[in-house]
Amino acid sequence: MYYGESQTSLDDKGRITVPRQFRVLMESMDHDTWYMTRGFDGALFLFPSEEWKKLKDLGSGHSPLDPRMLDFRRMFVGSATKVKQDKAGRFAVPALLREYAGLEKDGVLLGVDDHLELWSKEGWCAFQRQQMAQYKEMASALFASASTGASTTEGVERDVEN
């Protein structure tokens, strides 16, 4: 669904311009309503309405009195806001969420399959530096073949040699 990394920036009214590559996809998939909320690692998550509904349905199976679930809901659902692109292809980012993400001017919008992530440029760069050492290990764990015990990186190495 959504993939790629694009630079964006906040205007004086706290809006980001959604890059064209994402706007085209949003239009073709009829994703006009989004939910923006606190993400992880200082990012904001943006979910199209049907993905948001799936997440809400998953959470509804837990007791509302479960302290851990309540804490999560407070952070995740409590900070959520419904957003739609304006005619110029911009999303308004509420001040509370801009503050959480450290988003003052320059930002990065990432496509992460079923959702988008909005980072401050500095936050995204810091996250990448922090994760770079584990990048190979993450890829190996993700793409390891369960049936043969071999990783797909071994197949890639063979393809490169041929």
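Because the structure is predicted, anything quoted here is derived from the model rather than measured. Here, residues in each chain are numbered from 1, in the same order as that chain's written sequence. Side-chain atom pairs in this predicted model are given and counted only at pLDDT of 80 or more, local residue features only at pLDDT of at least 70, and totals for whole chains, interfaces and linings cover all residues. Note that the side-chain values use all heavy atoms of the structure and ignore hydrogens as well as water.

## Regarding the overall build of the protein
Here is step 1: Secondary structure elements are defined from DSSP: runs of H or I of at least 4 residues count as helices, runs of E of at least 2 residues count as strands, and each element is numbered from the N terminus. On a plain count of helices and strands, the protein comes out with seven helices and eight strands.
Here is step 2: For the protein, with 162 residues in total, the buried portion stands at 32%.
Here is step 3: Two residues form a contact once any of their heavy atoms are found within 4.5 Å. Restricting to contacts in the protein with at least 6 residues of sequence separation, those with at least 24 account for 62%.
Here is step 4: Throughout, the Shrake-Rupley method with a 1.4 Å probe supplies accessible areas, and for residues the shown protein chains are the sole cover considered. About 10,500 Å² of surface is accessible on the protein, with carbon and sulfur atoms providing 54% of the total. Only protein chains enter the accessibility calculation, which uses a 1.4 Å probe. A residue is then buried if its area is under 20% of the maximum for its type, exposed if over 50%, and partly exposed in between.

## Observations concerning the environment of Ser-6
Here is step 1: Tracing the backbone shows Ser-6 in strand E1 (residues 2–9).
Here is step 2: In this structure, the C-alpha to C-alpha distance between Ser-6 and Leu-118, residues 112 residues apart in sequence, is 9.8 Å.
Here is step 3: When residues no more than four places from it in sequence are discounted, the contact partners of Ser-6 are Pro-19, Gln-21, Phe-22, Gly-107, Val-108 and Leu-109.
Here is step 4: Residues adjacent in sequence count toward polar contacts only when both atoms are side-chain atoms; beyond that, a polar contact is any pair of N or O atoms within 3.5 Å, and within protein one must be able to donate a hydrogen and the other to accept it. At a separation of 3.1 Å, a polar atom in the side chain of Ser-6 contacts the side chain of Gln-21.

## Some thoughts on the confidence of the model for the protein
Here is step 1: On average, residues of the protein score 88 in pLDDT, and 89% of them reach the 70 mark or higher.
Here is step 2: Counting contacts from residues 151–162, a segment whose pLDDT is below 50, to residues more than four positions away or on other chains yields four contacts. On a scale of 0 to 100, pLDDT captures the predictor's confidence in every residue.

## Quick notes on the sheet that holds strand E5 (residues 81–84)
Here is step 1: The antiparallel open sheet is built from six strands, whose spatial order is E1-E7-E8-E4-E3-E5. Both edges of this open sheet fall to E1 and E5, since each of them pairs with a single strand only. Across the sheet, the mean angle separating the axes of adjacent strands is 25 degrees when strand polarity is ignored.
Here is step 2: Taken together, the six bridges between strand E7 (residues 106–113) and strand E8 (residues 115–120) define a ladder with antiparallel strand orientation. Following the sheet pairing, Val-108 is matched in E8 by Trp-119.
Here is step 3: Every angle, taken between N-to-C directions, lies between 0 and 180 degrees, and every axis is a line fitted to C-alpha atoms, over only the stretch in contact when it is a helix. Along the sheet, helix H1 (residues 20–28) makes contact with E1, strand E3 (33–38), E7 and E8, crossing E1 at roughly 130 degrees.
Here is step 4: Of the strands in this sheet, E3 and strand E4 (44–48) touch helix H2 (residues 49–59), which is tilted by about 105 degrees from E4. In this analysis, strands are considered paired if DSSP registers two or more bridges between them.

## Re the packing of aromatic side chains
Here is step 1: Side-chain rings of Phe, Tyr and Trp, where Trp is taken by its six-membered ring, are said to pair if the distance between their centres is within 6.5 Å; with planes under 30 degrees apart they count as stacked, over 60 as edge-to-face, and otherwise as tilted. This structure, assessed with the given rule, holds 13 aromatic pairs.
Here is step 2: Summarising the aromatic geometry, the rings of Phe-40 and Phe-45 are spaced 5.2 Å apart at their centres and angled 80 degrees between planes, so their arrangement reads as edge-to-face.
Here is step 3: Of the residues examined, Phe-40 reaches a relative accessible area of 48% and is grouped as partly exposed.
Here is step 4: Of the residues examined, Phe-45 reaches a relative accessible area of 7% and is grouped as buried.
Here is step 5: With centroids separated by 6.2 Å and ring planes inclined at 45 degrees, the aromatic side chains of Phe-47 and Trp-52 adopt a geometry described as tilted.
Here is step 6: One aromatic cluster is present, formed by Tyr-35, Phe-40, Phe-45, Phe-47, Trp-52, Phe-72 and Phe-76 through successive ring pairs.

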